[in-house]
Amino acid sequence: MARVQRRLIVPLAFLLAIGFYYTYSDHSPIPALKWQHEPPIAPSVLDDPGYFWRKIPTHYPLQSIQSLPTGKPSKLPKIQHRFSRETSAEKEARLQKQRAVHETFGRGWKAYREHAWLQDELAPVSGGSKNTFGGWGATLVDNLDTLWIMNMRNEFEEAVAAAANISFEASSLTEINVFETTIRYLGGFLSAYDLSGDQRLLRKAREIGDMLYVAFDTPNRMPITRWEVGKAAKGELQEASPWALVAEIGSLCMEFTRLSLVTGDPKWFDATERITEVLKSEQSKTKLPGMWPISINPKDKDFHGDNTFSLGAMADSVFEYLPKMVALSGGLLPDYGEMYNYAVNTAKKHSFYRPMVPDNADILLAAAVHVNKDDRGKEVPELDHVGSIWSVTLEACWLSGRNYYNDQTTWRLLHGVMPETFLMTPCPSKGGTCEWDEYAWRKALLVGAEKDVTHLTNEEIRALADQVISDRRLPKGFTNVMDRRYILRPEAIESVFVLYRVTGDKSLLESAWDMFQAVQKVSKTALANSAIGDVTEAKPHQTDSMESFWMGRR
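So, here's what we can say about the structure. Bear in mind that the values here come from a model prediction, so they are computed numbers and not experimental data.

### Considering the overall build of the protein chain
Part 1 of the reasoning: Per the secondary structure count, the protein chain includes 20 helices and 14 strands.
Part 2 of the reasoning: Taken across its 554 residues, the protein chain has 57% of its residues classed as buried.
Part 3 of the reasoning: Within the protein chain, counting contacts between residues at least 6 apart in sequence, those at least 24 apart form 72% of the total.
Part 4 of the reasoning: Counting only carbon and sulfur atoms, one obtains 51% of the accessible surface of the protein chain, whose full area is about 22900 Å².

### Details of the packing of aromatic side chains
Part 1 of the reasoning: As enumerated under the stated definition, the model contains 17 aromatic pairs in all.
Part 2 of the reasoning: Consider the rings of Trp 136 and Tyr 185, whose centres lie 5.5 Å apart with planes at 75°: the pair is edge-to-face. Taken as a pair, Trp 136 in the loop between strand S2 (129-130) and helix H4 (138-142) and Tyr 185 in helix H7 (residues 178-196) lie far apart in primary sequence, 49 residues in all.
Part 3 of the reasoning: Taking the relative accessible area as the measure of exposure, Trp 136 reaches 3% and is therefore buried.

### Side note on empty space enclosed by the protein
Part 1 of the reasoning: Taken as a whole and assessed by the stated rule, the structure comprises 6 cavities of 30 Å³ or more.
Part 2 of the reasoning: Computed from the structure, the second largest cavity encloses a volume of approximately 60 Å³.
Part 3 of the reasoning: Every residue lining the second largest cavity is counted, 14 residues in all, and those nearest its centre are Gly 250, Cys 253, Thr 276, Leu 279 and Tyr 336.
Part 4 of the reasoning: Elements with a contribution of two residues or more to the lining of the second largest cavity: helix H10 (246-250), helix H12 (267-282), helix H13 (316-328) and helix H14 (334-350).

### Describing the pattern of salt bridges
Part 1 of the reasoning: Taken as a whole and assessed by the stated rule, the structure comprises 35 salt bridges.
Part 2 of the reasoning: A salt bridge links Asp 466 to Arg 442, with the nearest nitrogen and oxygen atoms 2.4 Å apart. Note that Asp 466 is positioned in helix H17 (residues 458-472) and Arg 442 in helix H16 (residues 438-448), a separation of 24 residues in sequence.
Part 3 of the reasoning: Look at Asp 466 and you get partly exposed, because its relative accessible area is 36%.

### Structural notes on helix H19 (residues 507-523)
Part 1 of the reasoning: Under the 1.5 Å per step criterion, the end-to-end length of H19 is 24 Å for 17 residues, consistent within 8% with the ideal 24 Å.
Part 2 of the reasoning: Listed as buried for H19 are Leu 508, Leu 509, Ala 512, Trp 513, Met 515, Phe 516, Ala 518, Val 519, Gln 520, Val 522 and Ser 523.

### Focus: the side chain of Ser 548
Part 1 of the reasoning: Within the fold, Ser 548 resides in the loop between H19 and helix H20 (549-552).
Part 2 of the reasoning: Within polar-contact distance, the side chain of Ser 548 engages the side chain of Arg 184 at 2.8 Å.

### Some points on the environment of Gly 134
Part 1 of the reasoning: Take Gly 134: it is sitting in the loop between S2 and H4.
Part 2 of the reasoning: A relative accessible area of 1% places Gly 134 in the buried class.
Part 3 of the reasoning: Spatially, the C-alpha atoms of Gly 134 and Asn 177 are 8.4 Å apart, while their sequence positions differ by 43 residues.

### With respect to the nonpolar core
Part 1 of the reasoning: Core analysis: the largest hydrophobic core is formed by 108 residues, its most contacted members being Trp 53, Trp 109, Leu 140, Leu 144, Met 211 and Trp 227.
Part 2 of the reasoning: Residue contributions to this core peak at 9 residues, all from H7.
Part 3 of the reasoning: Ignoring anything within four residues of it in the chain, the contact list for Met 211 reads Trp 53, Trp 136, Phe 168, Ile 176, Thr 181, Trp 227 and Val 229.
Part 4 of the reasoning: In this structure, Tyr 353, Ala 367, Trp 436 and Ile 469 belong to the second largest nonpolar core, which totals 25 residues.

### Some remarks on unusual backbone geometry
Part 1 of the reasoning: One non-glycine residue, Asn 151, adopts positive backbone phi at about 60°.
Part 2 of the reasoning: Mapped onto the elements of the fold, Asn 151 is located in the loop between helix H5 (144-149) and helix H6 (153-163).
Part 3 of the reasoning: A relative accessible area of 54% means that Asn 151 is categorised as exposed.

### Overview of the environment of Asp 306
Part 1 of the reasoning: Tracing the sequence through the fold places Asp 306 in the loop between strand S6 (295-296) and strand S7 (308-309).
Part 2 of the reasoning: Measuring from C-alpha to C-alpha, the distance between Asp 306 and Trp 292 comes to 8.7 Å, with 14 residues separating the pair along the chain.
Part 3 of the reasoning: Setting aside residues no more than four positions away along its own chain, Asp 306 makes contact with Lys 287, Pro 293, Ile 294 and Ser 295.
Part 4 of the reasoning: In this structure the side chain of Asp 306 is engaged in a polar contact, spanning 3.0 Å, whose partner is the side chain of Ser 295.
Part 5 of the reasoning: From its side chain, Asp 306 meets the backbone nitrogen of Thr 308 in a polar contact 3.3 Å long.

### Notes on the packing of helix H11 (residues 253-263) against H13
Part 1 of the reasoning: Two elements in contact, H11 and H13, have axes whose closest approach is 10 Å; the angle formed by their N-to-C orientations is 15°. Here H13 runs roughly parallel to H11, going by the angle between their axes. In the crossing of H11 with H13, the sense of the turn from one axis to the other is right-handed. Contacts between H11 and H13 involve Cys 253, Met 254, Glu 255, Thr 257, Arg 258 and Leu 261 from the former and Tyr 321, Lys 324, Met 325 and Leu 328 from the latter.
Part 2 of the reasoning: Class assignment of the residues belonging to the contact of H11 with H13 gives a composition of 6 nonpolar, 1 polar and 3 charged.

Each value, and the rule that gives it
Residues numbered from 1 in each chain as written. Predicted model: local features only at pLDDT ≥ 70, side-chain atom pairs only at ≥ 80, totals over all residues. Heavy atoms only, no water. Helix = DSSP H or I, 4+ residues; strand = E, 2+ residues; numbered from the N terminus. Buried < 20%, exposed > 50% of the residue type's maximum accessible area, 1.4 Å probe, protein only. Contact = heavy atoms within 4.5 Å. Areas by Shrake-Rupley, 256 points an atom, 1.4 Å probe, with all protein chains shown as cover. Phe/Tyr/Trp six-rings, centres within 6.5 Å; stacked < 30°, edge-to-face > 60°. 1 Å grid on protein atoms, 1.4 Å probe; cavity = no way out; pocket = protein on both sides within 12 Å on 5 of 7 lines; lining within 4 Å. Points joined across faces, edges and corners; volume = space filled by probe spheres on them. Salt bridge = Lys/Arg side-chain N within 4 Å of Asp/Glu carboxyl O. Expected span 1.5 Å × (residues − 1). Polar contact = N/O pair within 3.5 Å; in protein donor to acceptor, adjacent residues only side chain to side chain. Core = buried A, V, L, I, M, F, W, Y, C linked by side-chain atoms within 4.5 Å. Axes fitted to C-alpha atoms, helices over the stretch in contact; angles between N-to-C directions. Parallel < 35°, antiparallel > 145°, perpendicular 65-115°, else oblique. Left-handed = near helix turned anticlockwise from the far one by under 90°. Nonpolar A, V, L, I, M, F, W, Y, C, P; charged D, E, K, R; others polar.

Here is the structure:
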């Protein structure tokens, strides 16, 4: 039986926070998880012959399975700030904000319960429902741990009873996303089980784990990320795709390993360790050694064909999971730490940049990097200054003891809400002063808009820039906003939560509250909260979408 770290800084099944709520919880250390539910588990729970997916024939059986790590776990460094006792005024302010967050969650849950029960998502404007993640009640499962943490025990019991009867034998979709299914369903069941100890949740975790394991039944044991689950249910032969996003194949290890730990069955750990072995062997062979590109080839185990690298969407969780696996294993899986250090050192050199902004704030963003050949045929990394949601990686930096904190990590748009992707003008260097230069900004945005400014006067550049700024609704500092949506992502508030817990900087509490109020202002509907189509509009339109992570982010 594996020996793993028994007490960690947060429950490892969800690892960081339900951002807004725990930001305003008391300042005592976050309760470490008591691992009272370690294996062995009663066979009557785990060896139910009625599990559909255990009956599917295996076409490519393994000759051996890697065992879970053994040995004495390492002592992890303390990362949480030592807080002093709060004043009565601070306590009252905290509780007031906490109640507001609780009320927002309660509204959303009530609306889901009344209008979209057992469906994947509530349509928060129209009051309808959507099935975008398998049709198995993604919002219900993804929010089980939130219900427990919010102390909504009656609602929790009702949700668990409903979840226990979900059938994973078939999907309402032809194709499911294995990564999304893992984090929303398997992660949802495991985190709620770790908190509550309810055996029904462990049974469902095992059940969906058995389903997901079939996606690995390929000639080279690499999983199919966009999976035709109906064909697999019929026992058809399958093989990994020649194309996949690196996040979707490299971000399964945490949930799979935890499932192996609580059941004592190493098969899930073995499945994702095979991916980790490829990640490690390919890490130094990519076009930006140390990082993996956004897209990879699982069919041929080729992870170095693409020339675009990012810490943002489509890649972020790969880097996020590395230090968390170190924590989950108590340091007994050292490859994860080594890979993370290699990746972060590469990112520090090539990805992070400082944008030029009107108030000269010291901001650090992570950009996508393209590796192209120069005139001599040498591959050269080129920063394209695409800012994106990179805050989960920031959290991972803190968990690994790496300090990237500064007093302002986000530059906000008109409504105080950031878009998905955007361009900004870079400072000459990451350090030193970076004075705002409006002319340089205007010229840069014209170049980005593919306007020829070679023979234009300063006045002509200003006039043409004004037109582009007006057409694209660009705040100062931004040269383009390519994806103007805000889809209720929780990553930014997660970073504020982690930064506050490790620094004790009370200004972050106000930053978090500002963010919460800004999101509420543009996203609140009569029922719950909706994603936004364009954050640069004077009156942003709501897209009638509320993904499960809005209330259930772990």
